[in-house]
Amino acid sequence: MAEFSLDLNEEQRDLRDWAHGFAAEVIRPAAAEWDEREATPWPIITEAAKIGLYGFEFLVNAYSDPTGLSLPIATEELFWGDAGIAMSIMGTGLAVAAIYGSGTPEQFLEWVPQCFGDAADPRVAAFCSSEPEAGSDVGAMRTRARYDEATDEWVISGQKAFATNGGIASVHVVTAVVDPELGARGQAAFVVPPGTPGLTGAKKHRKLGLRASHTADVFLDDVRVPGSCLLGGKDKLDERLARVREGVRSAGSASMRTFESTRPTVGAQAIGIARAAYEYSLDYAKSRVQFGRPIIENQAIAFALADMRMEIDAARLLVWRAAWMGRMERSFDAGEGSMSKLKAGEVAVRVTEQAVQILGGAGYVREHPVERWYRDAKIYTIFEGTSEIQRLVVARAISGMQIR
Ligand SMILES: Cc1cc2nc3c(=O)[nH]c(=O)nc-3n(C[C@H](O)[C@H](O)[C@H](O)COP(=O)(O)OP(=O)(O)OC[C@H]3O[C@@H](n4cnc5c(N)ncnc54)[C@H](O)[C@@H]3O)c2cc1C
């Protein structure tokens, strides 16, 4: 009988320790500075690229782990270091996932290396799906892509909202409507190559958390890309649209396919933040003395810490299960990908809030990192599908009903 084990193998343990070392020595010490500067930490991205923690090869190795756990393991460690900086390093992964999920192997080999650049000149990439009128409701997308047969080019126009790395990216992956009559099923994803005229990143947002990560709206004004930039190719798109018109179910929109595959990794990001806050508040509770004894000797504090640890472990198990299922190409029949992100995001919010409480006044001021973790955690109930939308996905999956 095949053996069942939750032990990490040697390669996974090495990967975890390596990523942790970088997080502890390089990311964590720089976290407060980049949070205050609200700027992309290029020197740290460069260092990560130099040691091979950021780049095409790292990603291919992580993707090829047959258990699917490498990416969540490394992600948790980097986000334990700092979420804003780690998002600057890992944000490229969303565009890469879109190219991997919707593109051909040739497109993967052509564009993914350009997403990362090289160690001497690292680049980042952006995935632009959300729009001012289309956040949770991906079907309300207004950005249009029109095929110009004479030149074999696609012409894309519209506005994208809140894109991580929007405007500073080398490669932008943009979703757009190609057939307005088909709603979310009439959408496709395109690579916009570096330096393409007509794409501008405007209005960088100032944020509550993840402040070292660049978030901006992106404008596309008659952006012309070669026909070969349509992910998956035109024949496949035409076939898919024909099937949808005939009423055959398709694999969903390009945006939804990307988000489904990245949700466990996003869950791992949230767990990294939660674990940082839990560890810090555990240490603090052991050393902070009130009423003549360490505050952890009060059940109110000790039980809170017990719950924090239990919730983090539970969330990690859901993330690892979803990552494993994704790698095994099991379908998420009960919305397991959404479950993992939903649980991890809500645990991160709850645990960081509890950590602030355990530190008391020290938790509220910037001399301690806990207030930053509290701010950083909140995005995990919002982006890549809000908690409400994740519940909708799970509810629909388990019931087979059109829950609204
Ligand atoms: C820091 C940051 C980074 C981001 N990065 C990216 C990125 O790289 N690429 C990208 O494409 N997008 C990105 N986003 C956008 C993000 O994915 C959206 O903000 C998110 O999907 C929510 O959309 P919205 O903001 O329009 O909220 P809305 O959709 O307007 O939702 C508002 C509220 O209504 C609720 N709601 C909406 N519909 C329903 C419903 N049917 N049932 C119950 N409740 C509902 C929501 O849950 C939420 O609470 C980013 C956002 C931020 C803040």
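Criteria and cut-off values
Residues numbered from 1 in each chain as written. Predicted model: local features only at pLDDT ≥ 70, side-chain atom pairs only at ≥ 80, totals over all residues. Heavy atoms only, no water. Near = heavy atom within 4 Å. Polar contact = N/O pair within 3.5 Å; in protein donor to acceptor, adjacent residues only side chain to side chain. Areas by Shrake-Rupley, 256 points an atom, 1.4 Å probe, with all protein chains shown as cover. Helix = DSSP H or I, 4+ residues; strand = E, 2+ residues; numbered from the N terminus. Nonpolar A, V, L, I, M, F, W, Y, C, P; charged D, E, K, R; others polar. Buried < 20%, exposed > 50% of the residue type's maximum accessible area, 1.4 Å probe, protein only. Axes fitted to C-alpha atoms, helices over the stretch in contact; angles between N-to-C directions. Contact = heavy atoms within 4.5 Å. 1 Å grid on protein atoms, 1.4 Å probe; cavity = no way out; pocket = protein on both sides within 12 Å on 5 of 7 lines; lining within 4 Å. Points joined across faces, edges and corners; volume = space filled by probe spheres on them. Expected span 1.5 Å × (residues − 1).

Considering the site of the ligand
(1) Moving on: What surrounds the ligand is a group of 18 residues, the closest being Phe127, Ser130, Ser136, Thr386 and Glu388.
(2) Moving on: Between the ligand and the protein, one listed contact pairs an oxygen atom with a side-chain N or O atom of Ser136 at 2.6 Å.
(3) Moving on: Relative to its unbound accessible surface of 980 Å², the ligand loses 66% to contact with the protein.
(4) Moving on: For the shell around the ligand, the elements supplying multiple residues, two or more each, are β5 (153–164) and α14 (387–399).
(5) Moving on: Residue contributions to the shell around the ligand peak at three residues, all from β5.
(6) Moving on: Taken together, the residues of the shell around the ligand sort by class into eight nonpolar, seven polar and three charged.

Remarks on unusual backbone geometry
(1) Moving on: In this structure, Asn165 is a non-glycine residue whose phi angle is positive, near 70 degrees.
(2) Moving on: Of note, Asn165 is situated in the loop between β5 and β6 (171–177).
(3) Moving on: Phi angles above zero are rare outside glycine, and Asp222 is one such case at about 45 degrees.
(4) Moving on: Mapped onto the elements, Asp222 comes out in strand β9 (residues 215–226).
(5) Moving on: Overall, the relative accessible area of 49% leaves Asp222 in the partly exposed class.

What to know about the packing of helix α4 (residues 70–81) against helix α10 (residues 299–327)
(1) Moving on: Where α4 contacts α10, the axes come no closer than 9 Å and their chain directions differ by 145 degrees. Here Pro72, Ile73 and Glu76 of α4 come into contact with α10, specifically with Arg316, Val319, Trp320 and Ala323.
(2) Moving on: Per-class residue counts for the contact of α4 with α10 are five nonpolar, no polar and two charged.

Brief notes about empty space enclosed by the protein
(1) Moving on: Counting across every chain of the model gives one cavity of 30 Å³ or more.
(2) Moving on: If you add up the space inside the largest cavity, you get close to 30 Å³.
(3) Moving on: Every residue along the wall of the largest cavity is listed here: Ala31, Trp34, Asp35, Asp82, Gly84, Ile85, Leu210, Arg211, Ala212, Arg372 and Asp376.
(4) Moving on: Of all the secondary structure elements, the ones that give two or more residues to the lining of the largest cavity are α1 (10–37), α5 (83–90) and α13 (370–377).
(5) Moving on: Top contributing element to the lining of the largest cavity by residue count: α1, with three residues.
(6) Moving on: Of the residues in the lining of the largest cavity, the class split is five nonpolar, one polar and five charged.

Some thoughts on α14
For an α-helix, the turn length of 3.6 residues means that residues three or four places apart are oriented alike.
(1) Moving on: Its 13 residues give α14 an end-to-end C-alpha distance of 18 Å, which sits within 8% of 18 Å, the value for a rise of 1.5 Å per residue.
(2) Moving on: The set of residues buried in α14 consists of Ser387, Gln390, Leu392 and Val394.
(3) Moving on: Phi turns positive, to about 70 degrees, at Gly400, one or two residues after α14.

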